[in-house]
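Letter by letter, the chains look like this.
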Amino acid sequence: MFIQINSLKSVAKPFMGIAVAMSLFACTDNANSSTSSKSDIAQVDVAPNSENNIAIWPVLDIEVKKDNKVETKVAKILATMTLEQKVAQMIQPEIRDITVEDMRKYGFGSYLNGGGAFPDNNKHATPADWIKLAEALYQASIDDSVDGINIPTMWGTDAVHGHNNVIGATLFPHNIGLGAANNAELMENIASITAKEVMVTGIDWVFAPTVAVVRDDRWGRTYEGYSEDPEIVGLYSAAIVKGLQGAVGDDFLGDTRVISTVKHFIGDGGTKGGDDQGDNLDSESDLFKHHAQGYVGGLTAGAQSVMASFNSWHGAKTHGNKYLMTDVLKDRMGFDGFVVGDWNGHGQVKGCTNESCPQAVNAGLDIYMVPTAAWKPLYENTIKQVNKGEISLSRIDDAVSRILRVKIRAGLFTKPSPKNRPLSGKTDLIGSAEHRLVSRQAVRESLVLLKNKANLLPLTPSANVLVAGDGADNIGKQSGGWSITWQGTGNTNADFPGGSSIYDGIEQVVNAAGGKVQLSPTGEFTEKPDVAIVVFGEEPYAEGNGDLDNLEYQRGNKTDLALLKRLKAQGIPVVSIFISGRPMWVNAELNASSAFVAAWLPGSEGNGVADVLFSKADSSLRYDFKGKLSYSWPASADQTSVNRFDENYQPLLPYGFGLTYQQQDNKKMTLLSDQLSEVSQISSDELGTFKIFELAIKQPWSVALQSGEQSSPVTSNTQSLGAITLRTMDKVVQEDARTITFDGSELASVNIFSNFPEDLRAYIEADSVLSFSVRLETTPVAPINLAMSCEGDCKGSLDITSLLINQSLNEWHKVTIDLACFKKAGTDFSKIMSPFNLSTNGKVSLSFADINLTPQGIDKATMSCD
């Protein structure tokens, strides 16, 4: 069964369905060049080889046409600008890192609030607080008393499932659920509502839609993609751009509209292993076929900005890839808006730092997104680089012209200031009843029924219903990441005023019909229920933190399965409501359930779930299930990349699957789910050695020194901090080891760490050891501890002094420690932040090299734990 979308083709005419045709695009000559050929210009990354085929990419018939009046105004403004003023237009700092006076002095072209950033750093900032900040920064930007120019700034925000940074806003289902709804008209309505709620707070620009086509569900941003298949993504992109910006010729960028951003260009959903910010190895034709269709749809509809992606394509970071950003996107496809970077993404380009990256501008980046204090040196360095000829002035002029063009099209030069705009301050629109009804509809249509044994559903509302599971009365959990806070953590139901949990909806329906409802997250009850609805699933996460190494749900800690089995053993029919940001291997949970619903991340209107689960009091249907899988459901935990049209396509449940109440005979599904096999463990051969330090530190790890309360990243081959000194040394080849000297004056450590947790459970399951080479230069006089730490306060620390003290000085020895020792000491291998932290408060000098996790090594481990 596949989703039928032929009837939706009118939403985005340029996208004709990738399975049917890829070449039916109107051809217009609206390319514009933006590069210089000067030999002294900083080098940029290019495509992976010399066989690029620009003809693969279409010349788009973009609905927003060049306007001579607009172009004349752009040229007139540009002619009055100094280099400093131009570069300021290209700098986008974050609200936590600038003041109103900074805006007055520099005149930044734009600014943003990142996830978890609020006016005055107040999570509970009111709409009035947001408007106050918007107005202050706007007025500073047009005050020419200091910087000599009055170009209005613009505020960009991640409103990715509603205005999700603002308390009380309507939160829609995340994109994975909206993909299952398969309703482009609904998407346009959702985008229009989002634009209105954003405009109430004085913000001009939204970083949406995300058009990632997710090919490996281990990726922690899977839920930000509508589908594994490009067809629906292309259709949705056009609909959402029109909802945010308005249709061309019909309220385009009017008073109720915002600037949209199609992101992340390009290939973010196709990285090897689903690694966030990783490397996409697709051929150019597959890059277009799988990952470009959202840009075809969104740009044709008139999207005014594109955000560059963190990922690489064949090793070249897209923030520095001229072929993709300039040759393809701008010159070939004809995009005449601006390209904005992602959160310091320019700093990942080869040869760049957050403070300096001419390569990105030369490659086609128009706006640096530069949070933290890095904005000032980046601004200053960019000016110097233009003056030295590393960046051509023509490239700067092209970037600024694009920014000005969008600002003029958006009416920023003529619209009132933020606090005086038509929707500003109309707080009744934020989370309004009308908006919430649309979100509730989206919840209903996103639900996918995977199992309904003996047609248990719909339930009779007059029944005695037990509602269990930690997700039942938890709006934060059901909303997922990018909900008030960046990772969606640290929230309570009180942070979602006006919203409803899944339990709230159930309680309302059952009480109205005279039934009984009991809420117990742990599944306890005083009166045996007729049925149990158990709501469980993934905890909230966002990019980085959400990456997994396989798709098994609650791997190694099956508490939810135990609850399902306990209820089933008591003869209680179980309806499972599974909250997740991706398809997961839940065979055992399916087996323990009479009915199973994939609810994805439904957002603030959890009452939409009960709308579908229950019949009316007279047993007639309230609403049927409409959702169909826009992601294939895995048949095993390691089937992480299974996608529609794969050559050997054998998922558990195919793309487009979804039961309805009209399907009375679903014995096949019942038998299938009752006979599911257990997960196949990944073998140690398949797992391989996990390299942490070999010749040099490996990605994604970094090294830092800590002494007392001081901490500093290691940035040179000799570095000191308080009681500790690190320097490179030669073990076998040049600088393949590190020497650490502790002077004993205070507790100090060397720490290998990542900014995001790594899921390393496969290594504890494969009887792995932490292996490293060590050489003592002096004898320890105090305990030496080796720790592996995890997200939060989680840590497992071992005293390894006895392993070292009997070694001969100045000779290399290999140490292998059973990972079970760290687990026993408290390490949670599902979220490792630091796999190697060596500390002491004594005086000692030692060297280390070759740090790895090695499977099947416990039999010969130098430290074991029973």
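Now for a look at the structure at hand.

Moving on, we get to the sheet that holds strand β13 (residues 464-468). Spatially, β12-β17-β16-β15-β13-β14 is the arrangement adopted by the 6 strands of the open sheet, whose pairing is mixed. A strand with exactly one partner marks an edge of an open sheet, and here the two such strands are β12 (448-452) and β14 (516-519). Averaged over all adjacent pairs, the angle separating strand axes in this sheet is 20°, with direction ignored. Looking at chain direction, β13 and β14 are connected through 4 bridges and run parallel. Residue pairing across strands places L466 opposite Q518, the latter belonging to β14. Docked against the sheet, helix α17 (residues 502-512) engages β13, β14, β15 (531-537) and β16 (574-579), running at close to 160° with respect to β14.

Let us look at the state of the cysteines. All chains considered together, the criterion is met by 3 disulfides. One disulfide bridge connects C352 with C357, the sulfur atoms lying 2.2 Å from each other. Every disulfide takes its handedness from the sign of the S-S torsion; for C352 and C357 that torsion is 65°, giving right-handed. Overall, C352 belongs to the buried group, its relative accessible area being 11%. For C821, the disulfide goes to C865, at an S-S distance of 2.1 Å. As the torsion about the S-S bond is roughly 115°, the C821-C865 disulfide counts as right-handed. Of this pair, C821 sits in helix α25 (residues 819-825) while C865 sits in the segment after β31 (843-854), and the two are 44 residues apart along the sequence. You can call C821 buried: its relative accessible area is 2%. Should the bonded cysteines of the protein chain be numbered as they appear in the sequence, the pairing reads 1-2, 3-4, 5-6.

With 8 of its 8 residues buried, helix α10 (residues 293-300) lies for the most part within the structure. Looking only at α10, the buried set comprises Q293, G294, Y295, V296, G297, G298, L299 and T300. Along its buried surface, α10 packs onto α8 (230-245), β5 (261-265), α9 (284-291), β7 (305-308) and α11 (322-332). One or two steps after α10, the chain reaches G302, where phi turns positive at roughly 110°.

Once that is clear, we can look at the sheet that holds strand β4 (residues 205-206). Here we have 3 strands laid out as an open sheet, ordered β2-β3-β4, and parallel in their pairing. In this open sheet, the two strands that pair with only one neighbour each are β2 (110-113) and β4. As paired elements, β2 and strand β3 (residues 154-157) share 4 bridges and run parallel to each other. Looking at β3, one finds that Y111 is bridged to W155.

Omega for the peptide link from K263 to H264 comes to -5°, which places this bond in the cis form. For the peptide bond that leads from F265 to I266, omega is 0°, which places it in the cis range. Position of I266 among the secondary structure elements: in the loop between β5 and β6 (279-280). Unlike most non-glycine residues, Q554 shows phi in positive territory, near 50°. Among the structural elements, Q554 can be located in the loop between β15 and α18 (559-569).

On the surface, L695, V732 and V733 cluster together into a nonpolar patch covering about 280 Å² of accessible area. Looking at the secondary structure, you find V733 in the loop between β23 (724-729) and β24 (737-743).

Interaxial distance between α9 and α10 falls to 5 Å at its minimum, and their mutual angle equals 55°. As judged from the angle between their axes, α9 and α10 are oblique. Of α10, the residues touching α9 (which contributes F288, K289 and H291) are Q293, Y295 and V296.

Turning next to the pairing of β12. Extensive coverage of β12 is indicated by the burial of 5 of its 5 residues. Sheet topology places β12 next to strand β17 (residues 595-600); 4 bridges connect them, and they run antiparallel. Directly across from K451, in β17, lies its bridge partner F596.

Here we come to the environment of S702. Examined against the element boundaries, S702 turns out to sit in strand β20 (residues 702-707). Along the sequence, S702 and P713 sit 11 residues apart, while their C-alpha atoms lie 7.6 Å from each other. Excluding residues within four positions of it along the chain, S702 makes contact with I697, N751, I752 and F753.

Tallying each qualifying case throughout the model produces 25 aromatic pairs. Seen in terms of ring centroids, F578 and F596 are 5.8 Å apart; in terms of plane orientation they differ by 45°. Their pairing is tilted. In this pair, F578 sits in strand β16 while F596 sits in strand β17, placing the two residues 18 residues apart along the sequence. Taken as a pair, F578 and F596 share a single burial class, namely buried. An angle of 70° between the planes, with centres 5.8 Å apart, marks the rings of F693 and F848 as edge-to-face. Highlighted residues: F693 in strand β18 (residues 690-694) and F848 in strand β31, separated in sequence by 155 residues. The exposure classification of F693 matches that of F848, with both residues buried. Following the ring pairs from residue to residue traces out a cluster consisting of Y106, F108, W375 and Y379. Sitting over the ring of Y138, R421 keeps its end group 5.9 Å from the ring centre.

Let us now look at the pairing of β18. By the bridge criterion, 3 bridges tie β18 to β31 in an arrangement that is antiparallel. Within β31, the residue paired with F690 across the bridge is L853. Bridge count for β18 against strand β19 (residues 696-697) is 2 bridges, and the pairing is antiparallel. Following the sheet pairing, E694 is matched in β19 by A696. In textbook terms, the turn of a hairpin is the stretch between consecutive antiparallel strands, and for β18 and β19 this stretch comprises 1 residue, one of which, L695, has a positive phi near 70°.

Here is what the cut-offs are and how they apply
Residues numbered from 1 in each chain as written. Predicted model: local features only at pLDDT ≥ 70, side-chain atom pairs only at ≥ 80, totals over all residues. Heavy atoms only, no water. Pairing = 2+ DSSP bridges. Helix = DSSP H or I, 4+ residues; strand = E, 2+ residues; numbered from the N terminus. Axes fitted to C-alpha atoms, helices over the stretch in contact; angles between N-to-C directions. Contact = heavy atoms within 4.5 Å. Disulfide = S-S within 2.5 Å. Buried < 20%, exposed > 50% of the residue type's maximum accessible area, 1.4 Å probe, protein only. Patch = residues over 30% accessible without salt bridge, like charges linked within 9 Å, V, L, I, M, F, W, Y side chains within 5 Å. Areas by Shrake-Rupley, 256 points an atom, 1.4 Å probe, with all protein chains shown as cover. Salt bridge = Lys/Arg side-chain N within 4 Å of Asp/Glu carboxyl O. Parallel < 35°, antiparallel > 145°, perpendicular 65-115°, else oblique. Phe/Tyr/Trp six-rings, centres within 6.5 Å; stacked < 30°, edge-to-face > 60°. Lys NZ or Arg CZ within 6 Å of the ring centre and 35° of its normal.

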